[in-house]
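As a plain string of letters, each chain reads:
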Amino acid sequence: MAKKEEAPNMVERFAEFKELKNIDKATMISVLEESFRNVLAKMFGTDENLDVIMNPDKGDVQIFQNLEVVPDGEVTDPNLQISLTDARNDDDPEVEIGEEHTKEIIFANFGRRAILNLRQTLQSKILDLQKEAIYNKFKELEGELVSGEVYQTWSKETLLIDDENNELLLPKSESIPGDFFRKGETVRAVIANVDNKNNNPKITVSRTNEAFLRRLFELEVPEIHDGLINIRAVARIPGERAKIAVESYDDRIDPVGACVGVKGSRIHGIVRELHNENIDVINYTNNPSLFIERALSPAKISSIRIDAENKTAEVFLRPEEVSLAIGKGGLNIKLASMLTGYVIDVYRDNETTPDEEDIYLDEFKDEIDEWVISALKDMGCVTAKSVLSTPREVLLEKSDLEEETIDNVVNILKAEFED
């Protein structure tokens, strides 16, 4: 009775394995066998003398117990031994003492408790397999674009659910400033990190990662997707501005024009996705001087001095170009440095580069605080004369320093030249 009632349940368990994604047949058979062996080992004390044969295609399992034949009355462990009489009565009439007798074990005959134990063991291992499969799948997809539906939003993160019901976490720190998600809305991001602490996969996605911008361009620009245009470098300040350097493997293709599209048709979709993040697309070049010049666009450089070994560049511009090179809040020069990998210092080009009659602000560190000097350098005033030649109202506006501080700096610099 028990055999007829419980056997179909085991078949259902096999069928459940067949439906699992990302689990190959060999792994499935191995885990099923291990589960049976774990339960049998508890029942018999050992599984060393048991043969477990899985038939997943048929949805059944055969279990054979190998027992040593001993003289009647000398059986000390019925899980390892069988008497000669019992062995011969069990369809093995020619077996002799010392030989091995194999008998089939019908698992379902052990009752509901054994079946329940098997189910629990299988469920635990199935869950572990599913978690491992999820981790392996998404670990290989790090840096790739994914979409998920907003399930719930908290103060520090948003939970997304993808098409296969996998959970994706989008931390607030990985969201673009201005991101606001509604439940049920579809959100795109890249897989930033996947870990498996305590066999509990955690998939973290990002919209601020530079890979997100790369993947959006791959979607919008067929030439990038097809490998005709290559993205060589990306620099982003999420929600504010970005620069991307591209090159073409086909001389007939203008990489910048292809990325922007006719009347900006291709780049507009990306800009909207990034909440109007301003994107500069420039042509990549192996020439560091030219690359830095392009990266500082729209400013026009007068001259540049490169130190390739230390990755630094001194850039000289006409006074009216300095603010363009630095950009609002220093964004332009910061992104140019990120894009090129060079530390860029901007100097005013007063007809010639700073000469012996001028003095670098760094020489005044004993009299002027370093943070004040840094604020002045950030606005393009690197020398004493460049500060003195800048109108007071411009110094106040661009440096964001107090009036008293500006006046004190000017007095110190004037005194130097008066002496």
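Residues numbered from 1 in each chain as written. Predicted model: local features only at pLDDT ≥ 70, side-chain atom pairs only at ≥ 80, totals over all residues. Heavy atoms only, no water.

A. Molecular detail of the overall build of the chain. Looking only at helices and strands, the chain has 15 helices and 15 strands in total. Its C-alpha radius of gyration of 37 Å places the chain more than 25% over the 22 Å reference for a compact globule of 419 residues. In terms of its C-alpha atoms, the chain occupies a principal-axis envelope of roughly 120 × 50 × 40 Å. In the chain, which comprises 419 residues, the proportion classed as buried is 43%. Within the chain, contacts between residues at least 6 apart in sequence are counted, and of these 59% link residues at least 24 apart. In the form shown here, the chain has an accessible surface area of approximately 23600 Å², with 44% of it arising from carbon and sulfur atoms. A gap of 6 Å separates the mean positions of the 50 positive and 84 negative side-chain charges of the chain. (Helix = DSSP H or I, 4+ residues; strand = E, 2+ residues; numbered from the N terminus. Rg over C-alpha atoms; globule rule 2.2 N^0.38 Å. Buried < 20%, exposed > 50% of the residue type's maximum accessible area, 1.4 Å probe, protein only. Contact = heavy atoms within 4.5 Å. Areas by Shrake-Rupley, 256 points an atom, 1.4 Å probe, with all protein chains shown as cover. Lys, Arg positive; Asp, Glu negative; His and termini not counted. Charge placed at Lys NZ, Arg CZ, Asp CG, Glu CD.)

B. Summary view of the sheet that holds strand S15 (residues 343-348). Judged by pairing direction, the sheet is mixed, and its 3 strands sit side by side in the order S13-S14-S15 without closing on themselves. What marks the edges here is a single partner per strand, and that holds for strand S13 (303-307) and S15. Sheet twist, expressed as the mean angle between neighbouring strand axes with direction ignored, is 15 degrees. Bridge count for strand S14 (residues 312-317) against S15 is 6 bridges, and the pairing is parallel. Within the sheet, the bridge partner assigned to Ala-313 lies in S15 and is Ile-344. Each of S13, S14 and S15 is contacted by helix H9 (residues 288-295), which is oriented at about 125 degrees to S13, the strand it contacts most. (Pairing = 2+ DSSP bridges. Axes fitted to C-alpha atoms, helices over the stretch in contact; angles between N-to-C directions.)

C. Focus on helix H8 (residues 265-273). Within H8 the residues assigned to the buried category are Ile-267, Gly-269, Ile-270, Val-271 and Glu-273. Here the buried face of H8 lies against strand S8 (186-195), helix H5 (210-220), helix H7 (255-260) and strand S12 (278-283).

D. Representation of the sheet that holds S12. If you walk across this open sheet you meet the 3 strands as S10-S11-S12, and the pairing is mixed. What marks the edges here is a single partner per strand, and that holds for strand S10 (229-237) and S12. Taken over all neighbouring pairs, the strand axes of this sheet differ in orientation by 20 degrees on average, direction set aside. Of the strands in this sheet, strand S11 (241-248) and S12 are in contact with H9, which crosses S12 at around 155 degrees.

E. Layout of the packing of aromatic side chains. Here the structure, examined in full by the defined rule, presents 5 aromatic pairs. Note on Phe-316 and Tyr-347: the rings are 5.1 Å apart at their centroids and 25 degrees apart in plane angle, and the pair reads as stacked. Of the two residues, Phe-316 is situated in strand S14 and Tyr-347 in strand S15; the sequence distance between them amounts to 31 residues. Summarising the burial analysis for this pair, Phe-316 and Tyr-347 share the class buried. Among the aromatic side chains, those forming a connected cluster through ring pairs are Phe-36, Phe-44, Phe-107 and Phe-110. Over the aromatic face of Tyr-151 sits the side chain of Lys-183, whose NZ or CZ is 4.3 Å from the ring centroid. (Phe/Tyr/Trp six-rings, centres within 6.5 Å; stacked < 30°, edge-to-face > 60°. Lys NZ or Arg CZ within 6 Å of the ring centre and 35° of its normal.)

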